[in-house]
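Examination of the molecular architecture
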Amino acid sequence: MMKHICVVFFSFLLLSCGNAKVDQSTVLNPTNPKGVKGSVLPASKDAQLESVKSNVSVKALSVDIEAIMTFLTSDELQGRDTGSVGIEKAADYIQNVFKNNNVLPYFATYRDTLENYSDGVAYNVVGFLPGTDSKLKNEFVVIGAHYDHIGLISGGGDDTIANGANDNASGTTAVLEFAKYFGEHKNNKRSVIFALFTAEEKGLVGSKHLAKKLKEQSISLYTMLNFEMVGVPMVEKDHSLYLTGYELSNLAEISNGYANKNLVGFLPKAKEFNLFRRSDNAPFHDEFNVPSQTYSSFDFTNFGEYHKVGDEALLIDYDFMAKIVSESVPMLEGIINAPIKEVKYN
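The text that follows walks through the structure, step by step, so that each part is easy to find. Every chain is numbered independently, its residues counted from 1 as its sequence is written. Local features in this predicted model are restricted to residues whose pLDDT is 70 or higher, and side-chain atom pairs enter the listing and the counts only when it is 80 or higher, whereas totals over whole chains, interfaces and linings include all residues. Hydrogens are left out, water is left out, and the side-chain values use all remaining heavy atoms of the structure.

**Here we look at the overall build of the protein chain**
Assigned secondary structure in the protein chain consists of eight helices and nine strands. Partly exposed residues are those whose accessible area sits between 20% and 50% of the maximum for their type, while under 20% is buried and over 50% is exposed, using a 1.4 Å probe and protein chains only. The buried share of the protein chain, taken over its 346 residues, is 55%. Considering only contacts within the protein chain whose residues lie at least 6 apart along the sequence, 83% involve residues at least 24 apart. Under the convention used here, a 1.4 Å probe and the Shrake-Rupley method define accessible areas, while residue burial counts only the protein chains that appear. Here the protein chain displays about 14,800 Å² of accessible surface, and carbon together with sulfur accounts for 54% of that area. The numbering of helices and of strands both runs from the N terminus, where a helix is a DSSP run of H or I of at least 4 residues and a strand a run of E of at least 2. Should any heavy atoms of two residues lie within 4.5 Å, those residues are counted as being in contact.

The structure is reproduced here in structure tokens:
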């Protein structure tokens, strides 16, 4: 997760932005002051009924999410290290979810073998839903997360498996739920690529490979939306997720507008430690220079098992994850189906 984020806890050495095309030095709108306040009216009976239905659907979603997470974090997968037998089982599972939910392979097969990884065979798993609008289908939205983790490690007593539940089975599961939703409803006017990346823990290798490959195809990328460590809620925040590179674009404002709530906010630590450069959004920014950002709920205080054997499924808040997925769907629908490109870098 968020490449070498453990350095956060040991030093204040920040990553350089390298050849990034935007400057993060100025916080343009950290508090997102826009919004309307007013009195709360009593809910009508119809609204109360819809609320009950929504709670039921979220509970069912929570159960489904737990089932996916339980498999991806099982000891059988041995921590999903890149190139391992365990991660191959995860890839099989992911592509079966795609296949069983009407999501096509983007390339000849779902597996996109990395050309920039030499320590064995590694592959992203890439699904595709063509857009339904005659014009907008030529524009693409990438929704991604990394499905690899760090495999077997020492220092955890008898347990040596770093199962990687929050990092990043949680983001992978969210993307799979989005793929299932859009695969069923087929209401995406723009074309959507669902990308599950390998070798993020090796230096964003999988996302670098795919971003470069898509750039060589000259696709018209509108935005890249990445999900990273969304398994537990933030502490004492008035929003559920934060956005890396928050101040670089209007994506948070657009996201909250379609979610119809304060879903996405600003986390000062994310800017301080330059998390914009530390996850799989960064290669897409570098190749395309379009809004490419990561949604996360890891706030540096709410999860102490990063890159430890304790990052287990039992620590995940499945009701929170279901709420995040449910509230993100209208956000994604709005972005994917907007008649013009609303999301822009500042």
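**Thoughts on helix α2 (residues 85-100)**
Between its terminal C-alpha atoms α2 stretches 23 Å, which fits the 22 Å expected from 16 residues at 1.5 Å a residue. The complete set of buried residues in α2 reads Gly86, Ile87, Ala90, Ala91, Ile94, Val97 and Phe98. Summarising the axial view, the buried residues of α2 lie within an arc of 140°, below the 170-degree limit, and thus occupy one face. Away from its buried face by more than 90 degrees, α2 exposes Val85, Lys99 and Asn100. Asn102 occupies a position one or two residues after α2 and carries a positive phi of about 65°. The length a helix should cover is 1.5 Å for every residue beyond the first. Think of it as the arc spanned by the lines of direction from the helix axis to the C-beta atoms.

**Re the pattern of salt bridges**
When a carboxyl oxygen of Asp or Glu is within 4 Å of a side-chain nitrogen of Lys or Arg, the pair counts as a salt bridge. Per the stated rule, a full pass over the model turns up 16 salt bridges. The closest approach of N and O atoms between Arg111 and Glu88, which form a salt bridge, is 3.9 Å. Taken together, the positions of Arg111 in strand β2 (residues 111-113) and Glu88 in helix α2 put the pair 23 residues apart, joining distant regions of the chain. Across the salt bridge formed by Asp112 and Lys213, the nearest N and O atoms sit 2.7 Å from each other. Here Asp112, found in strand β2, pairs with Lys213, found in helix α4 (residues 205-216); they are 101 residues apart in sequence, far enough to count as distant. Taken together, the shared-partner salt bridges in this structure form one network comprising Asp64, Glu177 and Lys180.

**Side note on the packing of aromatic side chains**
Pairs were defined over the aromatic rings of Phe, Tyr and Trp, the Trp ring being its six-membered one, requiring ring centres within 6.5 Å. Orientation was assigned from the angle between planes: stacked under 30 degrees, edge-to-face over 60, tilted for the rest. Enumeration according to the criterion identifies 14 aromatic pairs in this entry. On the numbers, 6.4 Å between centres and 40° between planes, the contact of Phe98 with Phe194 is tilted. Of the two residues, Phe98 sits in helix α2 while Phe194 sits in strand β5 (residues 191-197), which places them 96 residues apart along the sequence. You can call Phe98 buried: its relative accessible area is 0%. Exposure remark for Phe194: the relative accessible area of 0% places this residue in the buried category. Taken together, the ring pairs connect Tyr106, Phe107, Phe128 and Phe140 into an aromatic cluster. Whether a charge sits over a ring comes down to the Lys NZ or Arg CZ being within 6 Å of the ring centre and within 35 degrees of the ring normal. When the ring centre of Phe107 is taken as origin, the NZ or CZ atom of Lys213, which lies over that ring, is 4.2 Å away.

**A few points about α4**
End to end, α4 covers 17 Å across 12 residues, agreeing with the expected 16 Å (1.5 Å per residue, within 8%). Those residues of α4 that fall on the buried side of the exposure criterion are Val205, Gly206, Ser207, His209, Leu210, Ala211 and Leu214. Residues of α4 that are buried in the fold lie against β2, β3 (123-129), β4 (139-146), β5 and α7 (281-288). Directly after α4, the chain includes Ser218, whose backbone phi takes a positive value near 60°.

**Here we look at the nonpolar core**
Side-chain atoms within 4.5 Å are what join buried Ala, Val, Leu, Ile, Met, Phe, Trp, Tyr and Cys residues into a set we call a nonpolar core. Counting residues in each nonpolar core, the largest one holds 62 residues, and the members touching the most others are Phe98, Ile143, Phe194 and Tyr295. With 11 residues, the single largest contributor to this core is helix α8 (residues 318-337). Those residues within four positions of Phe98 in sequence are excluded, and the remaining contacts are Val103, Tyr110, Val125, Val126, Gly127, Leu176, Ala179, Phe194 and Leu196. Of all hydrophobic cores here, the second largest spans 18 residues; its members include Ala211, Leu221, Phe288 and Val290.

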